[in-house]
Structure formats: C-alpha cells, structure tokens
Amino acid sequence: MNVIPVPGSLDHQTVDAFLDEVALLGGGRSLFDARHLRWVDPNGMVALLVAGTVAARRQGVVPRLEVPESTDVLGYLSRMAFFEAARDVFELETVPRRRGGGPSDVLLEITSVAANADVHEVVERVQRGAGAILSSKLGYPVTSVVQFSVILSEVCQNIVEHAGAAGWVAAQAYNWARRLGRYVVVISVMDVGQGFRSSLGDEHSARYADRWGDTTALEAAFLHGLTRFADSGRGQGIQQIRRQVQRWNGAIAIRSGTARIGQVPEWDDTPPLVDGLQPFPGAQISIILPARSGT
Amino acid sequence: MTDVPPDLVAIDVGRLLQRTVTSLYAHLVTRPTGRAVRMAIEAQLQVAGSRSLSLIDLTEVEILDFSCADEVVAKLFEDARANPAHEAFFVLRGVREPHRDQIQVVLERRGLAAVAETSSATFELLGASDEAERRAWGLVEERGLVSDGELSALLPGGEERAALERIVERRLAFRSPTSGRVHALSRLVERLM
C-alpha cells in the first residue's frame, strides 16, 4: 500500500507539491492519509479528487481516503459537498453526514463537470447565491455575479471542449485576515484529461518544433489565445477570464503537465512561470479574487 | 419616392432560448446552446424575403458568456454576410452593461461591427470600426435618413464618403436600391420596439 500523507494545509500554495507526489506513484493500492489535514481550500479539495482519480487510473484499484480528524475541516468538506464527490473516487470508511443550516460562504459546492449540461448547472447554482457573497464579502457591485458566472462558464467549458475527461469545479469565500487583511473568493477547476500540450499539439506543435512542451503550450493558450480550432472566434475564453480577473486585481494560475503559468497581482508573490514539476494529467486552474480595498 | 424597407423580423432571444432544444436552460452559456439558438434564428430568417432587418432582442437574457455570444451574435452575422441569396441586416436590442463586453469582444475578434441599443433609445456601434466609419455612422444615425443630394454637403471629403460606403457595405446602414437614400437601421426597426 502506498501511503500518501496529505499535508496539514492543502491549498493553492501547497497543491503543486502534493500533486507532484501523486504523479510519482507506482503500482499497488494507495491510501491518502488526510487525518492531519487542518486547512483546505477549494484547490485542496478538488486536488484530492483529481489525485484519487489519477491513482485509481494508474493502479487499477480504488484508493482509500482517511478522512480528517478535525471536526472543523470535516465541516468545511461537508458544506462543500466533498464527500458526495469523493464517494465516486475513494473508498471511504465513514462518510460524515452533510451539515445544513447557518450562513455559508460557499459560492459553489464541488460540482462535477463532464458535459455542457454541467456548465449550465454551475451557472444556475452560482446565480442562486453568489451575488450576495460577492457584494457583502468582496464589495463587488451587484451585477458582478454576471461576470463571475461568465468566468465559471468559460473555465468549465475548457474541460468539456479540450480535456477529453471529466473534472470538478468549486468556489468559496474566505477571510484572508493574516495574508491579505480582507476576504477572497477562491475558485478551483481541475480535470484529469489530456492537458494543454496534447490538446494544442496537432495544430501548433510543428511551429514550435523541439521547443514544444507543457510550458510553450501554456504560453500559447494563456498569453497568445491559441486554440486547437482554426475558427478565429475560438480561444478567447482564457483571454477574457484573464482580463476580468485582472480588473478585479485577482490572480489566476494554470498548471498542466510539468508547468504552471499565472497572472500575478502585486499582492501575490507566486512566480508567474514554473516548470520542472512532475508530469500530472489534465489541467488545474486556480483563481483568487480579493475583496475591493476598504471592504 | 417611397423606399421599400427590408422585411422586419423580431427575434426575442430569451423566448427563443426557452422554445428551442435548450428549453431546460435559462442562460445563454456554452457553444452548443449558442449554436442551437443561432440555428433557430436562421430558421426564422429563411421565411423572410430576400432582404431582412432583424431586431435581435437580448433584453430577457440574464447571462451571456463569450462562447455563446460568439455563436449567437458574431457567427450569425458572419454567416449571414456569406449568404448571397439573402441580404440580412441586424440591430441588437437590450445590450446592457453585463452583456456589452462579451458582444464587443466577439465582434472585434471576427472584425465585425453591429448597431446596438445599449440603453433605452440609445444606439451605438459595437465591435470593430475605424474613426471615419464611426463618424459616418453617427451622422446617419443622428439624421435618420440621408439623401443622395445631401451627401456631398454633409460628407465633403473623399475619406468620409468612402467610410459611408463601408458602413453600407458592412450593413450598418441601409441604402435604398430605388432612391439611393441611406437609412439608419435604428429608425427602420422603430416599429418593432
């Protein structure tokens, strides 16, 4: 049995190292030991699901998940519908009961995305409750829920159109009191599909010759709006997401294969480009939107 | 001389969205949804005469993403221009602030422009256009109708006249084939509003 210790804090900052470890898994069944998990954001939750999926695919057997001991963390996970999704990925000894009631900062529970109907479902769910959180916690105008929905729609369509495999999306608001002194919304969208290099390869790899790889593929899509479709109207989704995230002074990062590329605001010290990561299937997208200053 | 206007066609996109195969969905998101709505619009245009002016009403649309805007607006316009059997003109209605950026971006991306009502009875040119085209379009829009005789006084320069020709060619204004007068599309669709 491969035991993969889930770090105490699993969020946008630690998720790369965790996925690197999963990328190196050999044969034999895996046990994801999350007993000591103390903090998890949507990136961490969705990363657990993609990690379990990759382990199962590689090892031909469903991995086990030891759930966190912390009741607070179990509460977060339950509110985000993590266990509903995890049941399809992991063997779970006990599935904590869903807790209801009380005010929540959940903008979007963990939602599986495999088809266009799922994108409609995501937009529908966000419409129901996100507006209040965006205006009360982030100080965004009431109409920002439209742009927020458009971001989610485009980023989820990236899975449907390009990944060739299912993925998940989730979004939640947090008070980043120590880190930023204000609220943020964290959006995570991850899949275990073919990734950017493969998706764009047929159309663009020849032009890049032996420079073609995960980094150049991410640059092509993220910076230049290239897509595998010849149609001039395609490839604008990521470009427009970047533009809207920049307007809100947010951060966006995409990992695919061995590279990660990002658009980094002044409050974030993440490097804009990282390569040399362990090869991990699919694409993992993180978006962080901070509250307006003074909120 | 009385000009014969194009056949007027009213298209309520919100209602169309509910009536088409996408009846379960309330929002204009995803390419397949956009494609279905565009095909429904094209079916409506097929029964119009050889020249039509459609009012594409987005008033009831709450969410419009870039993919859907590309299918419903930009590809609709592009395909219509490529059809030699039918001369189609369009005016967009109900392009409020939350939709404006999406429409602007998808039109620019394909080098297209559109006449759009962006607030009550206010029309703008969205998409790709140059300064001279915007001036020529603004003049026609302000006057509603410009006769051939007035053109030399209103647009004395060759560049301005060429810009007017381009906005007619791009179907951002309508030139009557009988009188040669140039009509603002916003005035021609008044009956539908």
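Quick notes on the rules
- Residues numbered from 1 in each chain as written.
- Chains lettered and ligands numbered in written order.
- Predicted model: local features only at pLDDT ≥ 70, side-chain atom pairs only at ≥ 80, totals over all residues.
- Helix = DSSP H or I, 4+ residues; strand = E, 2+ residues; numbered from the N terminus.
- Rg over C-alpha atoms; globule rule 2.2 N^0.38 Å.
- Buried ≥ 20, exposed ≤ 12 C-beta atoms within 10 Å, placed from the backbone.
- Domains from an automatic or database assignment.
- Contact = placed C-beta atoms within 7 Å.
- Nonpolar A, V, L, I, M, F, W, Y, C, P; charged D, E, K, R; others polar.
- Pairing = 2+ DSSP bridges.
- Axes fitted to C-alpha atoms, helices over the stretch in contact; angles between N-to-C directions.
- Left-handed = near helix turned anticlockwise from the far one by under 90°.

Here we come to the overall build of chain A. Helix and strand counts for chain A stand at nine helices and 13 strands. In terms of C-alpha radius of gyration, chain A reaches 18 Å, essentially the compact-globule figure of 19 Å for 295 residues. Dimensions of chain A along its principal axes, counting C-alpha atoms only, are 55 × 50 × 35 Å. Relative to its full complement of 295 residues, chain A shows a buried share of 51%.

Glancing now at the domain arrangement of chain A. Residue and element names in this part refer to chain A. According to the domain assignment, chain A contains domain 1 (1-94) and domain 2 (105-295). Computed from C-alpha atoms alone, the centre-to-centre distance between domain 1 and domain 2 is 21 Å. Contacts between domain 1 and domain 2 engage 21 residues on the former and 24 residues on the latter. No other element matches the nine residues that helix α2 (residues 42-59) contributes to the side of domain 1 that touches domain 2. For the side of domain 1 that touches domain 2, the class distribution of residues is 14 nonpolar, three polar and four charged.

Residue and element names in this part refer to chain A. Most of strand β7 (residues 106-113) sits inside the fold, with six of its eight residues counted as buried. Of the strand pairs in this sheet, β7 and strand β8 (residues 167-176) are connected by five bridges, and their pairing is antiparallel. Note on β8: the bridge partner recorded for V106 is Q172.

All right, on to unusual backbone geometry then. The phi angle at N249 of chain A is positive, at roughly 60 degrees, despite the residue not being glycine. One can find N249 of chain A in the loop between α9 (236-247) and β10 (251-257). Non-glycine residue A121 of chain B carries a positive phi angle of around 60 degrees.

Here we take up the packing of helix α3 (residues 66-81) of chain B against helix α4 (residues 97-109) of chain B. All names here are of chain B. In the contact formed by α3 and α4, the axes pass within 9 Å of each other and the chain directions differ by 65 degrees. Considering how the two elements wind past one another, α3 and α4 form a crossing that is right-handed. Across the interface between the two elements, F66, A69, D70, V73 and A74 of α3 pack against Q102, I103, V105, V106 and L107 of α4. Each residue belonging to the contact of α3 with α4 can be placed in one class, and the counts come to eight nonpolar, one polar and one charged.

Now for the sheet that holds strand β1 (residues 7-12) of chain B. All names here are of chain B. On the basis of which strands lie adjacent, the open sheet formed by five strands has the order β1-β2-β3-β4-β5 and mixed pairing. Looking at the sheet topology across the chains shown, the edges are occupied by β1 and β5 (122-127). When the angles between neighbouring strand axes are averaged without regard to direction, this sheet yields 25 degrees. Across the sheet, helix α2 (residues 31-46) touches β1, β2 (51-57) and β3 (87-93), and the angle it forms with β1 is around 155 degrees. Across the sheet, α4 is in contact with β3, β4 (113-119) and β5; its angle to β5 comes to roughly 45 degrees.

Take the interface of chain B and chain A next. At the junction of the two partners, chain B supplies 20 residues and chain A supplies 17 residues. Looking at the side of chain B that touches chain A, the elements that each hand over two or more residues are α3 and α4 of chain B. Looking at the side of chain B that touches chain A residue by residue, the class counts come to ten nonpolar, four polar and six charged.

Right, let's get into the sheet that holds β8 of chain A. Residue and element names in this part refer to chain A. With respect to topology, seven strands assemble into an open sheet ordered β7-β8-β9-β13-β10-β11-β12, the strand pairing being antiparallel. With one partner strand each, in any of the chains shown, β7 and β12 (273-274) form the two edges of the open sheet. The sheet contact formed by strand β11 (residues 259-263) and β12 spans two bridges and is antiparallel. Each bridged residue has a counterpart across the sheet, and for I261 the counterpart in β12 is L273.

Below, the discussion takes up the environment of G34 of chain B. Residue and element names in this part refer to chain B. Tracing the backbone shows G34 in helix α2. When the 26 C-beta atoms within 10 Å are taken as the criterion, G34 is described as buried. Residues G34 and R161, 127 residues apart in the sequence, show an inter-C-alpha distance of 37 Å. When near neighbours in sequence (up to four residues on either side) are disregarded, G34 contacts L28, S67, C68, D70, E71 and V72.

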